[in-house]
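For reference, the chains in residue letters:
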Amino acid sequence: MALPKRHEPKRHEPKRREPERHDPLPLPPPPDIVRAAYAELVVTDLAESRRFWVDLLGFVVTRADPGVLYLRGYDELIHHNLILRQGAAAAAARLAFRVRTAADLGRAEAFYAALGARTARVPADATPGVREAVRTEDPLGFTVEFFFAAQYAERLQQRYDLRRGAEPARLDHFNIVVPDVRAAYEYYRSLGFGLSETIEDGDTLYAAWMFRKQTVHDVAFTGGDGPRLHHLGFFAHESHQVLRICDILGSLHEEFLIERGPGRHGVSNAFYVYLRDPDGHRVEIYTSDYFTGDPDHPVLRWSVRDPRRRDFWGHPVIPSWYTEASTVLDLDGRPRPLVPEQQPAEVKVGADGFIP
Ligand SMILES: [Fe+2]
């Protein structure tokens with residue numbers, strides 16, 4: 001009698017990894033980024049922009065030169081959070097991060113050289129208030145600047161007598177539009193950024209919030225044709241400051257500048273409003289997010305199907321918020337061509353699977 005066949009469990013031999021001929025060389029260490037520090041926007045009518053950013057929103061003018069303004073929030077101690085430069089066409093010229101030491105400038109050059117990215121050293125004070133800097137065209141297509149030494153401005157935190165508008169305190173974050181959110185996440189992870197929250201579904205990463213300072217983010221990604229700047233987020237201390245700028249714009253019959261909100265974000269828990277400046281650059285006034293500084297800070301993952309993810313109260317997001325964003329410029333000041341969105345989104349209404 002034949003013995004019954006012994007049932008052998010199927011073996012899964014580990015696949016032998018063939019040596020890859022084109023394994024990338026290990027990257028040198030990235031610069032030690034401290035925080036998102038400032039941005040430069042090109043605007044087409046500086047007087048109109050000054051009215052919006054300074055007279056209405058309440059930014060402080062650190063310096064005004066012909067054709068250019070240097071602005072900061074009331075808590076900010078370095079020279080500026082925002083440069084507004086007069087130009088022929090609206091655009092976002094650069095995003096600037098502060099780094100921890102002067103040696104991080106050399107690290108930035110070596111890191112981006114290894115990535116094959118164009119870089120340039122910028123001499124001290126080429127930008128007023130900023131000493132030597134390194135600029136690069138990063139792998140996502142944005143012109144990014146790293147600087148260490150900066151000129152300090154007068155401390156205005158307790159000059160309550162000067163405050164106006166939304167009483168902005170400081171720059172909080174950059175939100176950028178990228179064709180491939182996962183690639184953006186991987187790149188910023190290589191720069192040492194932590195991940196605080198995501199919007200995802202199955203294998204698709206629709207949006208991610210990443211930080212160096214100990215808040216929810218310094219940079220966030222929205223999926224779409226890119227590279228484009230989605231918005232600059234400025235921190236205010238209290239939710240009534242968000243409401244106040246809405247009341248001011250309503251009183252002036254300039255309510256059309258309020259694009260979305262006010263509301264409570266699901267992601268980040270922040271209270272927010274999105275405004276559009278006279279050129280259409282989007283600005284968020286943002287308050288009451290949370291501490292992320294523990295080394296093992298757990299990630300909060302939102303389902304793309306949760307209607308509370310973008311607005312905790314479930315309010316729909318206006319389509320322009322998903323589709324419109326600012327052109328970005330290369331190192332030579334030329335507009336960057338757009339790469340079409342590559343997100344494998346299951347639900348294609350809006351950048352993160354907006355549920356109609
Ligand atoms: Fe934001």
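For the structure, check the block above.
The notes below deal with the structure included here. (Residues numbered from 1 in each chain as written. Predicted model: local features only at pLDDT ≥ 70, side-chain atom pairs only at ≥ 80, totals over all residues. Heavy atoms only, no water.)

**Some words on the coordination of the iron ion**
Taken together, His-173 (NE2), His-231 (NE2) and Glu-284 (OE) make up the protein donors of the iron ion, found 2.0 to 2.1 Å from the metal. Going along the chain, you hit the donors of the iron ion in the pattern H-x57-H-x52-E. Here His-231 is found in strand β13 (residues 228–235), whereas its partner Glu-284 is found in strand β16 (residues 282–287), with 53 residues between them in sequence. You'll find His-231 and Glu-284 in the same group, each marked buried. (Donors = N, O, S within 2.8 Å, 3.2 Å for Na, K, Ca; no water. Helix = DSSP H or I, 4+ residues; strand = E, 2+ residues; numbered from the N terminus. Buried < 20%, exposed > 50% of the residue type's maximum accessible area, 1.4 Å probe, protein only.)

**A word on the nonpolar core**
Core analysis: the biggest nonpolar cluster contains 63 residues, and Trp-53, Ile-176, Tyr-188 and Phe-221 have the highest contact counts within it. Those residues in contact with Phe-221 that lie beyond four places of it in its chain are Asn-175, Ile-176, Val-178, Val-181, Ala-184, Tyr-185, Tyr-188, Tyr-206, Ala-207, Ala-208 and Met-210. Counting residues in hydrophobic clusters, the runner-up holds 13 residues, among them Ile-199, Tyr-206, Phe-235 and Val-304. (Core = buried A, V, L, I, M, F, W, Y, C linked by side-chain atoms within 4.5 Å. Contact = heavy atoms within 4.5 Å.)

**A few points about the side chain of His-231**
Look at His-231 and you get buried, because its relative accessible area is 1%. In terms of polar contacts, His-231 uses its side chain to reach the side chain of Glu-284, at 3.1 Å. Setting aside its immediate chain neighbours within four residues, His-231 contacts His-173, Phe-174, Asn-175, Tyr-274, Arg-282, Val-283, Glu-284 and Trp-321. (Polar contact = N/O pair within 3.5 Å; in protein donor to acceptor, adjacent residues only side chain to side chain.)

**Focus: the environment of Arg-107**
Of note, Arg-107 is situated in helix α2 (residues 103–114). In sequence terms Arg-107 and Pro-30 are 77 residues apart; their C-alpha atoms lie 6.0 Å from each other. Those residues in contact with Arg-107, other than ones at most four positions away along the chain, are Pro-29, Pro-30, Pro-31 and Thr-101.

**So, the packing of aromatic side chains**
This structure, assessed with the given rule, holds 18 aromatic pairs. For the pair Trp-53 and Phe-59, a centre-to-centre distance of 5.6 Å together with 65° between the ring planes defines the contact as edge-to-face. Judged on exposure class, the residue Trp-53 and its partner Phe-59 are both buried. Both rings, one in Phe-97 and one in Phe-146, keep their centres 6.2 Å apart while their planes meet at 20°; by these two values the pair is stacked. (Phe/Tyr/Trp six-rings, centres within 6.5 Å; stacked < 30°, edge-to-face > 60°.)

**Things to note about the environment of Leu-57**
Relative to the elements of secondary structure, Leu-57 occurs in the loop between α1 (46–56) and β2 (60–65). On the accessibility criterion, Leu-57 (0% relative accessible area) is buried. Sequence-wise, Leu-57 and Glu-167 are 110 residues apart; in three dimensions their C-alpha atoms are separated by 7.0 Å. Residue contacts for Leu-57: discarding those within four places in its chain leaves Phe-52, Arg-164, Gly-165, Ala-166, Glu-167, Pro-168, Ile-245, Leu-275, Val-283 and Ile-285.

**Topic: α2**
Between its first and last C-alpha, α2 extends 17 Å over 12 residues, near the 16 Å set by a 1.5 Å rise per residue. By the burial criterion, the buried members of α2 are Asp-104, Leu-105, Ala-108, Phe-111 and Tyr-112. All buried residues of α2 fall inside an arc of 125° around its axis, so they share one side. In the core, the buried residues of α2 are packed alongside β5 (91–99), β6 (119–122), β7 (133–137), β8 (143–147) and α3 (181–190). With its phi angle positive at about 80°, Gly-116 sits one or two positions after the end of α2. (Expected span 1.5 Å × (residues − 1). Arc of directions from axis to C-beta.)

**Re the pattern of salt bridges**
Tallied over the full model, the rule gives 30 salt bridges. A salt bridge links Glu-137 to Arg-118; the nearest nitrogen and oxygen atoms lie 3.0 Å apart. Of this pair, Glu-137 sits in strand β7 while Arg-118 is found in the loop between α2 and β6, placing the two residues 19 residues apart along the sequence. Look at Arg-118 and you get partly exposed, because its relative accessible area is 39%. (Salt bridge = Lys/Arg side-chain N within 4 Å of Asp/Glu carboxyl O.)

**Notes on the sheet that holds strand β4 (residues 82–86)**
Pairing in this open sheet of 8 strands is mixed, and the strands run β2-β3-β4-β1-β5-β8-β7-β6 from one edge to the other. Edge positions in the sheet fall to β2 and β6, since each has one partner strand and no second. Strand-to-strand twist of the sheet, defined as the mean angle between neighbouring strand axes without regard to direction, takes the value 20°. Across 5 bridges, β7 lies against β8 in antiparallel orientation. When the bridges of β8 are listed, Glu-137 appears paired with Thr-143. In this fold α2 packs onto β5, β6, β7 and β8, with an angle of close to 20° to the strand it touches most, β7. (Pairing = 2+ DSSP bridges. Axes fitted to C-alpha atoms, helices over the stretch in contact; angles between N-to-C directions.)

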